[in-house]
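Here are the chains, one letter per residue:
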Amino acid sequence: MSDTIPDRLSATPGSPYYDEALLERGIGVRFKGEERNNVEEYCISEGWVRMAVGKTLDRKGRPMTIKVSGPVEVWIKGTETSLDTEA
(Lines give C-alpha, C1' and ligand atoms only; values in the text may rest on other atoms or scores of the structure.)
Protein backbone atom coordinates (compact mmCIF):
# COMPACT_ATOMS: atom_id res chain seq x y z
CA MET A 1 0.00 0.00 0.00
CA SER A 2 1.32 3.44 -0.85
CA ASP A 3 1.86 6.25 1.63
CA THR A 4 0.04 8.76 -0.56
CA ILE A 5 -2.14 11.16 1.38
CA PRO A 6 -5.29 12.23 -0.49
CA ASP A 7 -6.09 15.93 -0.82
CA ARG A 8 -9.57 15.25 0.55
CA LEU A 9 -10.75 12.44 2.83
CA SER A 10 -14.05 11.72 4.56
CA ALA A 11 -14.92 9.33 7.40
CA THR A 12 -18.51 8.97 6.10
CA PRO A 13 -18.98 5.68 4.17
CA GLY A 14 -21.44 7.23 1.68
CA SER A 15 -19.02 9.96 0.60
CA PRO A 16 -17.06 9.73 -2.68
CA TYR A 17 -13.97 10.75 -0.65
CA TYR A 18 -14.22 7.78 1.75
CA ASP A 19 -11.22 5.39 1.82
CA GLU A 20 -11.67 2.56 4.34
CA ALA A 21 -8.18 1.10 3.93
CA LEU A 22 -6.51 4.44 4.62
CA LEU A 23 -8.74 5.18 7.62
CA GLU A 24 -7.90 1.77 9.14
CA ARG A 25 -4.18 2.62 8.94
CA GLY A 26 -4.82 5.83 10.85
CA ILE A 27 -4.73 9.46 9.77
CA GLY A 28 -3.47 12.30 11.93
CA VAL A 29 -4.87 15.80 11.40
CA ARG A 30 -3.43 19.02 12.77
CA PHE A 31 -5.68 22.06 12.34
CA LYS A 32 -4.39 25.53 13.20
CA GLY A 33 -1.41 23.96 14.95
CA GLU A 34 -3.48 21.68 17.21
CA GLU A 35 -3.86 17.93 16.69
CA ARG A 36 -7.57 17.11 16.34
CA ASN A 37 -9.32 13.77 16.78
CA ASN A 38 -12.87 14.87 15.93
CA VAL A 39 -12.34 15.61 12.21
CA GLU A 40 -14.97 13.97 9.99
CA GLU A 41 -13.63 15.32 6.67
CA TYR A 42 -10.78 17.53 5.45
CA CYS A 43 -9.57 19.21 2.26
CA ILE A 44 -5.93 20.27 2.21
CA SER A 45 -5.98 22.35 -1.01
CA GLU A 46 -9.01 24.40 0.10
CA GLY A 47 -7.78 24.64 3.72
CA TRP A 48 -10.79 23.42 5.71
CA VAL A 49 -11.93 20.66 8.04
CA ARG A 50 -15.37 19.44 9.00
CA MET A 51 -15.43 18.62 12.71
CA ALA A 52 -18.00 16.91 14.91
CA VAL A 53 -19.88 19.25 17.25
CA GLY A 54 -20.07 17.56 20.63
CA LYS A 55 -22.06 14.34 20.78
CA THR A 56 -25.05 15.71 18.87
CA LEU A 57 -26.37 13.51 16.04
CA ASP A 58 -28.40 14.43 12.98
CA ARG A 59 -31.65 12.65 12.10
CA LYS A 60 -29.72 9.91 10.26
CA GLY A 61 -27.55 9.14 13.31
CA ARG A 62 -24.37 10.80 12.01
CA PRO A 63 -22.44 13.38 14.03
CA MET A 64 -23.44 17.02 13.52
CA THR A 65 -20.51 18.86 11.96
CA ILE A 66 -19.22 22.36 11.38
CA LYS A 67 -16.91 23.41 8.54
CA VAL A 68 -13.96 25.58 9.66
CA SER A 69 -11.25 27.17 7.49
CA GLY A 70 -7.56 27.38 8.36
CA PRO A 71 -4.19 25.67 7.85
CA VAL A 72 -4.48 21.86 7.68
CA GLU A 73 -1.67 19.32 8.09
CA VAL A 74 -2.32 15.60 7.54
CA TRP A 75 -0.13 12.52 8.02
CA ILE A 76 -0.44 8.75 8.08
CA LYS A 77 0.09 7.61 11.64
CA GLY A 78 3.27 5.59 12.13
CA THR A 79 5.07 7.23 9.17
CA GLU A 80 6.86 10.49 8.52
CA THR A 81 4.79 11.27 5.40
CA SER A 82 2.83 14.48 5.81
CA LEU A 83 1.16 17.10 3.66
CA ASP A 84 0.20 20.56 4.79
CA THR A 85 -1.07 23.90 3.55
CA GLU A 86 -1.25 27.40 4.86
CA ALA A 87 -4.55 29.07 4.15
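We now turn to the structure provided with this report.

## Some words on the overall build of the chain
For step 1, the next point in the chain: The number of helices and strands found in the chain is one helix and eight strands.
For step 2, the next point in the chain: Its helices and strands in sequence order give the chain the pattern β-α-β-β-β-β-β-β-β, from N to C terminus.
For step 3, the next point in the chain: Within the chain, the fraction of its 87 residues that count as buried is 29%.
For step 4, the next point in the chain: In the chain, the proportion of contacts linking residues at least 24 apart, taken out of those at least 6 apart, comes to 47%.
For step 5, the next point in the chain: Total accessible area computed for the chain in this model is approximately 5,700 Å², and 45% of it derives from carbon and sulfur atoms.

## Topic: the side chain of S15
For step 1, the next point in the chain: The topology assignment puts S15 in the loop between β1 (8-10) and α1 (20-25).
For step 2, the next point in the chain: A distance of 3.1 Å separates a polar side-chain atom of S15 from the backbone nitrogen of Y17.

What counts as what
Residues numbered from 1 in each chain as written. Predicted model: local features only at pLDDT ≥ 70, side-chain atom pairs only at ≥ 80, totals over all residues. Heavy atoms only, no water. Helix = DSSP H or I, 4+ residues; strand = E, 2+ residues; numbered from the N terminus. Buried < 20%, exposed > 50% of the residue type's maximum accessible area, 1.4 Å probe, protein only. Contact = heavy atoms within 4.5 Å. Areas by Shrake-Rupley, 256 points an atom, 1.4 Å probe, with all protein chains shown as cover. Polar contact = N/O pair within 3.5 Å; in protein donor to acceptor, adjacent residues only side chain to side chain.

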